[in-house]
Amino acid sequence: MSTVFLILQDNEDARPIIEAIDQDNEGVVIQYQPGMVRIEAEGKLTVNRDTVSELVGRDWDVQEVHLNMVSLSGNVEEEDEYFKLTRS
Amino acid sequence: MAAKRLNMRKRYEALTRGMGWETTHQPMDKVFPYDTYEGIKIKDWDKWEDPFRLAVDSYWKYQAEKDKKLYAIMDSFAQNNGQLNLSDARYINAMKLFIQGVTPLEYGAHRHYAHLGRHFRGEGARVACQMQSIDELRHAQTQIHTLSHYNKHFNGMHDPWHMSDRVWYLSVPKSYFEDAMTGGPFEFITSVSFAFEYVLTNLLFVPFMSGAAFNGDQATVTFGFSAQSDESRHMTLGLEIIKFMVEQHEDNLPIVQRFIDKHFWRAYRVLGLVAMMQDYMLPNSPMSWKAAWDIYFTENCSALFDDLGRYGLRMPKYHEVATAEAEHLSHQVWATFYNYGHAAAFHTWMPDVKKMDWLSEKYPNTFDEYYRPRFETFREMEAAGERHYINGLPQLCQVCQIPMVFTDVLNDPTMVSRRVSIHNNSKYHTCGDGCRDIFEFEPEKYIQAWLPVHQIYQGNCGGSEVSEVLDWYNFQPEDGGEYVGSADHQRWQEWKGTAESVSDDRTQAHAS
Amino acid sequence: MAINALKDYVDNDRDAVENFHGNQVVYIDWDKHRLFSGALAFPLPPSMPFAALVDELIPSVWGSHPLFKAIDWGDVEWILDDAPFSPDRAASLVENGIGHKSLLRFVTPGDNGIAGSGS
C-alpha cells in the first residue's frame, strides 16, 4: 500500500475539511507548512460530505473542496457523498 | 415531488456524451486529422472516464469564487503596499523570472488545449481540454494582474511576452513547450498534463509557493495556490489520459512510455530554473530543492509508477540522473546566471554567509566541496571591484537549449556532461543522455532549433554587440546585473530606511 | 528513424556553417574550471591561426580567472572533439582539424580549479 496526499490552503474555509478528514480517516498525518496544510494517508483518504456539512452547519457540496485544494496524489473518486483518493 | 436530481456521474455524462456524431459530408479522418498519425490507437472513446465531474454550471460557480477570493487578496496587497512586507527585495527576482518564463507557458497551454478541445475525436476528452484551456487563460491573467503590482515598483517585468520570444534563457521554457505543441495531440497532453503537471509542477506550485508565503508574498502564494487548485484537475486528467491510452490498445504502450520518457526529461530540465528560485532567490527557504525533490518527485512518483506498473509503464528514463542532480542543480544554475547576470532581466547576487551556511546544511554532500569555493571566490572578486561576468556566450544544448553547464554527477561532478551526435555530417551537442536520446529519435526536428547564441552569431538578433542584443530583447539598463547597488536595491533601502546589512555581512565574510 | 509527421518534413539545419557569414562556430572550455560555468561558443574564421586563439582569444575571456596567470602553456593538454590533440600553432583552425561546431578543451594538469573544487 502506498501513500496518498491532499494539500489544502491554510485558511478558514479549509479548517472544517481538515477536521472532517481527521475524524474519518484513521492514522492520517497532518503537517502545517507556510500557507498550506499537507494531509497524508496510507492507501486511502476520504472527505465525507456529511461530516463536513455537520461541521460547517450547512449543506456542503463535495466539489467545494476544489476551492481550497492545492495538490493531490492518488486516484480520484468524486461522488455526491464523498471525495476519495486511493492507491493500492 | 420534483424530479430527482441526477447524480454527479450522470450529470457529467449528460454534459459530455452523445454530443458527437459520425460525420457524413466529410470523412471523420478529415474532420479530425491529428489524432491518429502518432500511432495511438483508440477503439472506443466512450471508455474515457473523467474522474472529476465538474459540469459547466459548477465550473463557473467555483471558478468565479476562486477569482473573487484571489482578487480580494490582490487588492488588499496593493492597497497596503504589501511589497514592503517582503523579507527582502531580492525575492522579487524570482517573480521576474516567473512572469518572463512561466506565464507565457500558461498562455501557450491555453491556446493548445483549445486546439485539443477541437481535435480529439472523443467528446469527453474534448470537454476536459476546453475547460483546461479556460483554466490556463485564467492562470495567465491572474499572474499578470498579481505581478503588475510589482511591476510598478521593480524593474524587469515590463515586457515579458516580447522577452519570451527572444531572450536566450527564456528559450528554455519556450522551446520545451513548443516541442510539445508541435507533437501530436497525444504527445502534447502526455507532456503537459502528465509529465509536467502530474509529475513535476508540484515542485513549483507547492514548495516554492509555500516559500513565497514564508517570505511575505501573500499575493503570489494566493495566485499560485489558486492556479494549483485547477492543476489538481489537470493532474487527474493527465493520469486518466495515460491509463486510457494504454487500456485502449496494446500497441500504445511503447509510444506512451516514449512520450513519458521524453517529456519528463524536457520538463525536468526547465525546472532547473525552479531549483534556483527555491534555493537562491527565496531569501528564506523553508525547504531546499533537494528536500522538495525527495518528497514531490522521489516519494510521490515511486508511488505513482508503482500504481502504473500494472499497465506496463515504468518510471521515466534517466529519473535516477535527475535525482542525483538534485544535490547539484540549483547551485549550477545559479552560478550560470551569476556568470551571465549582465544579460538577464533579473538580478543575481552571491549568497551571504547565513545563506551559504544554510546551503552547506541542506547539501552536506556537495555544497562545501564543489560550490562554496566558487562562491567565495566570486565574493572576493566582487569585493576587489571585479564582479565576475563572462565575456562570451555559452555553448547550448541542442535540445533543452540550456548552456552546457551540467556536470557528470554520477561519475565526476567536476566534469561537464556532454554528448555529441552526428546527423548528415554535422555535429549536434547535448547535455547528457536524456537530451541526446531525444535528439537522436527525431534529429530532423531538433536540427531546426532556434538556439539563441547561434542566432546572435548569424546576425538575427539586433547586432553583434551584447548591448545591441539586449536592446533587441527590450531590456532596460536597470533590468539586470548585480543586485547589490541596483536601482531595485536602492529603492528597497529607501523604503526600509536602512543602509542594509549586505555590506556588514560582506565584512564579516572577509573577516572570518 | 524518419520523423513521424503528417506531411513531408523539410530537413532544415538552422545552424549550417553557411549561415555564419564565413565564420564557423567553435566551442572552447577549460576543464575543471567552473568559475566559467560551461564551454563558450565563438564565431571564428576557419583561417584563423591556432596561435591567435591561444594568445589572444583565450586570455581575453578566461584571463579573469584567478588561476589563469599561473598556466604553463607548455604543459597544457588539448582535447579536440573528445580525442587528444596536438595543435600546430602556425596552422589555421581548419588545418588543425577544428571544424564547425568542434569542441576544443584545454586541461591544466595539476590545477583542478580553486582549492581543487573543479572551479
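Use the structure listed above.
Computed from a predicted model, the values in this text were never measured in an experiment. (Residues numbered from 1 in each chain as written. Chains lettered and ligands numbered in written order. Predicted model: local features only at pLDDT ≥ 70, side-chain atom pairs only at ≥ 80, totals over all residues. Heavy atoms only, no water.)

Asker: What's the story with unusual backbone geometry in this structure? I'm lost.
Answerer: Glycine aside, residues mostly have negative phi, and peptide bonds are mostly found in the trans state. The phi dihedral of Asn81(B) is positive, around 50°, even though this residue is not glycine. With respect to the element layout, Asn81(B) can be found in the loop between helix H3 (56–79) and helix H4 (92–119). (Helix = DSSP H or I, 4+ residues; strand = E, 2+ residues; numbered from the N terminus.)

Asker: What is the right way to read the packing of aromatic side chains from this model?
Answerer: Given two aromatic rings, their pairing is described by the distance between the two centres and the angle made by the two planes. Taken as a whole and assessed by the stated rule, the structure comprises 57 aromatic pairs over all chains. Between Tyr113(B) and Phe188(B), the ring centres sit 5.2 Å apart and the planes meet at 65°, which makes this aromatic pair edge-to-face. Of the two residues, Tyr113(B) sits in helix H4 while Phe188(B) sits in helix H8 (residues 185–200), which places them 75 residues apart along the sequence. Ring geometry for Trp73(C) and Trp78(C): centres 6.2 Å apart, planes at 25°, overall stacked. In this structure Trp78(C) comes out as buried when scored by relative accessible area, which is 8%. Joined through ring pairs, the aromatic side chains of Trp30(C), Phe36(C), Phe42(C), Phe50(C), Trp62(C), Phe68(C), Trp73(C), Trp78(C), Phe85(C) and Phe106(C) make up one cluster. Just above the ring of Phe32(B) sits the side chain of Arg118(B); from NZ or CZ to the centre is 5.4 Å. (Phe/Tyr/Trp six-rings, centres within 6.5 Å; stacked < 30°, edge-to-face > 60°. Buried < 20%, exposed > 50% of the residue type's maximum accessible area, 1.4 Å probe, protein only. Lys NZ or Arg CZ within 6 Å of the ring centre and 35° of its normal.)

Asker: Explain the interface of chain A and chain B here, please?
Answerer: In many reports, interface size means the accessible area that the parts give up when they come together. Taken together, the 31 residues of chain A in the interface contact 40 residues of chain B. Taken together, both faces of the contact between chain A and chain B bury some 2900 Å²; the carbon and sulfur share is 51%. Taken together, the links from chain A to chain B amount to two salt bridges. Residue Arg87(A) is joined to Asp307(B) by a salt bridge in which the shortest nitrogen-to-oxygen separation is 3.8 Å. At the boundary of chain A and chain B, one finds 10 residue pairs in polar contact (both at pLDDT 80 or more). Mapped by element, the contributors of at least two residues to the side of chain A that touches chain B are strand S1 (3–9), strand S3 (36–42), helix H3 (65–68), strand S5 (69–73) and strand S6 (75–78) of chain A. (Contact = heavy atoms within 4.5 Å. Buried area = accessible area lost by both parts, 1.4 Å probe. Salt bridge = Lys/Arg side-chain N within 4 Å of Asp/Glu carboxyl O. Polar contact = N/O pair within 3.5 Å; in protein donor to acceptor, adjacent residues only side chain to side chain.)

Asker: Sorry, what's going on with helix H11 (residues 252–270) of chain B here?
Answerer: Because each turn of an α-helix spans 3.6 residues, side chains separated by three or four positions in sequence point in the same direction. Taking 1.5 Å as the rise per residue, H11(B) with 19 residues should run 27 Å; its terminal C-alpha atoms sit 27 Å apart, in good agreement. Counting buried residues along H11(B), 16 of its 19 residues qualify, which places the element largely inside the surrounding structure. (Expected span 1.5 Å × (residues − 1).)

Asker: So what exactly am I meant to see when it comes to the sheet that holds S3(A) here?
Answerer: As a general point, the strands of a sheet are linked pairwise by backbone hydrogen bonds and lie either parallel or antiparallel. All names here are of chain A. In spatial order, the strands read S2-S3-S1-S5; together these four strands make up an open sheet with antiparallel pairing. Looking along the sheet, the strands with just one partner apiece sit at the ends: strand S2 (29–33) and S5. Between one strand and the next, the sheet's axes are offset by a mean angle of 15°, whatever the strand orientation. Note that S1 and S5 share four bridges and pair antiparallel. Paired with Phe5 across the bridge in S5 is Ser73. Where helix H1 (residues 14–24) meets the sheet, it contacts S1, S2 and S3, and its direction lies at approximately 155° from that of S1. (Pairing = 2+ DSSP bridges. Axes fitted to C-alpha atoms, helices over the stretch in contact; angles between N-to-C directions.)

Asker: What should I look at first to understand the packing of H3(B) against helix H10 (residues 218–248) of chain B in this one?
Answerer: Angle between the axes and distance between the axes: these two values describe a pair of packed helices. All names here are of chain B. It is the contact of H3 with H10, at a shortest axis distance of 8 Å, that shows an interaxial angle of 165°. Here H10 runs roughly antiparallel to H3, going by the angle between their axes. The element H3 and its partner H10 pack so that their crossing is left-handed. Contact with H3, carried on its side by Tyr59, Gln63, Lys66, Leu70, Ile73 and Phe77, involves Gln218, Ala219, Thr222, Phe223, Ser226, Ser229, Asp230 and Arg233 of H10 and no other residues of that element. For the contact of H3 with H10, the residue count by class is six nonpolar, five polar and three charged. (Parallel < 35°, antiparallel > 145°, perpendicular 65-115°, else oblique. Left-handed = near helix turned anticlockwise from the far one by under 90°. Nonpolar A, V, L, I, M, F, W, Y, C, P; charged D, E, K, R; others polar.)

Asker: Sorry if this is basic, but what is going on with the side chain of Ser210(B) here?
Answerer: Looking at where Ser210(B) falls in the secondary structure, it is placed in helix H9 (residues 202–214). Residue Ser210(B) is classed as buried on the basis of its relative accessible area of 3%. Side-chain polar atoms of Ser210(B) contact the backbone oxygen of Pro34(A), separated by 2.7 Å.

Asker: How should I be thinking about the nonpolar core in this particular structure?
Answerer: A general tendency of soluble globular proteins is for nonpolar side chains to be buried together. Core analysis: the largest hydrophobic core is formed by 191 residues, its most contacted members being Tyr169(B), Leu53(C) and Trp62(C). Of the residues forming this core, the biggest block, 13 residues, is contributed by H10(B). Look past the residues within four positions of Tyr169(B) in its chain and what remains in contact with it is Leu97(B), Gln100(B), Phe337(B), Ala343(B), Ala344(B), Ala345(B), Phe346(B) and Phe475(B). If you look at the next biggest cluster of nonpolar residues, it comprises 24 residues, including Leu8(A), Ile17(A), Val52(A) and Leu85(A). (Core = buried A, V, L, I, M, F, W, Y, C linked by side-chain atoms within 4.5 Å.)

Asker: Mind showing me how you'd approach the state of the cysteines here?
Answerer: All names here are of chain B. Inspection of every chain in the model, using the stated rule, returns zero disulfides over all chains. For the unlinked cysteine Cys400, the closest cysteine sulfur is that of Cys397, found at 3.7 Å. In this structure Cys435 is not part of a disulfide, and its nearest cysteine sulfur, from Cys431, lies 3.7 Å away. On the basis of relative accessible area, Cys435 is assigned to the buried category, the value being 0%. (Disulfide = S-S within 2.5 Å.)

Asker: Even after reading the chapter, I still don't get the packing of helix H1 (residues 8–16) of chain B against helix H5 (residues 123–151) of chain B, so can you show me in this structure?
Answerer: Residue and element names in this part refer to chain B. At a closest axis distance of 9 Å, the pairing of H1 and H5 adopts a crossing angle of 95°. Between H1 and H5, the angle is such that the two are roughly perpendicular. Residue-level inspection shows Tyr12, Leu15 and Thr16 of H1 in contact with H5, the latter providing Glu123, Gly124, Val127 and Met131. Tallied by class, the residues present in the contact of H1 with H5 amount to four nonpolar, two polar and one charged.

Asker: In this structure, what is going on with the interface of chain C and chain B? I would like to understand it.
Answerer: At the interface, 46 residues of chain C touch 52 residues of chain B. Interface area, chain C with chain B, both sides summed: about 4200 Å², of which 53% is carbon and sulfur. Lys427(B) is the salt-bridge partner of Asp81(C), the closest N and O atoms lying 3.7 Å from each other. Joining chain C to chain B, the criterion identifies 24 residue pairs in polar contact (both at pLDDT 80 or more). Residue assignment for the side of chain C that touches chain B shows that the elements contributing at least two residues are strand S1 (24–30), strand S2 (40–44), helix H1 (50–62) and strand S5 (102–107) of chain C.

Asker: Explain the sheet that holds strand S3 (residues 77–80) of chain C to me, please; I cannot follow it from the model alone.
Answerer: Strand order across the open sheet formed by six strands is S2(B)-S2(C)-S1(C)-S5(C)-S3(C)-S4(C), with mixed pairing between neighbours. The strands lining the two open edges of the sheet, one partner per strand, are strand S2 (393–394) of chain B together with strand S4 (83–85) of chain C. In the sheet, S1(C) pairs with S2(C) via five bridges, with the strands oriented antiparallel. Within S2(C), the position partnered with Val25(C) by the bridge is Pro43(C). In the packing of H1(C) onto the sheet, contacts are made with S1, S2, S3, S4 and S5 of chain C, and the angle to S2(C) comes to roughly 135°.

Asker: Sorry, what's going on with helix H16 (residues 353–362) of chain B here?
Answerer: All of the buried residues along H16(B) are Lys355(B), Met356(B), Trp358(B), Leu359(B) and Ser360(B). Its side-chain oxygen placed 3.3 Å from the backbone nitrogen of Lys354(B), Asp352(B) serves as the N-cap of H16(B).

Asker: Help me understand the pattern of salt bridges in this model?
Answerer: Residue and element names in this part refer to chain B. By the definition in use, this model includes 46 salt bridges over all chains. Ionic pairing is found between Lys41 and Asp251, a salt bridge with its closest N-O pair at 2.4 Å. Here Lys41, found in the loop between helix H2 (28–31) and H3, pairs with Asp251, found in the loop between H10 and H11; they are 210 residues apart in sequence, far enough to count as distant. Judged by relative accessible area, which is 33%, Asp251 ranks as partly exposed. Put simply, Asp294 and Lys290 hold a salt bridge, and the shortest N to O gap is 3.0 Å. You can see Asp294 and its partner Lys290 sitting in helix H13 (residues 289–308), four residues apart, about one turn around the helix. Three or more residues joined by partner-sharing salt bridges are found here, namely Lys66, Asp67, Asp135, Arg138, Asp230 and Arg233.

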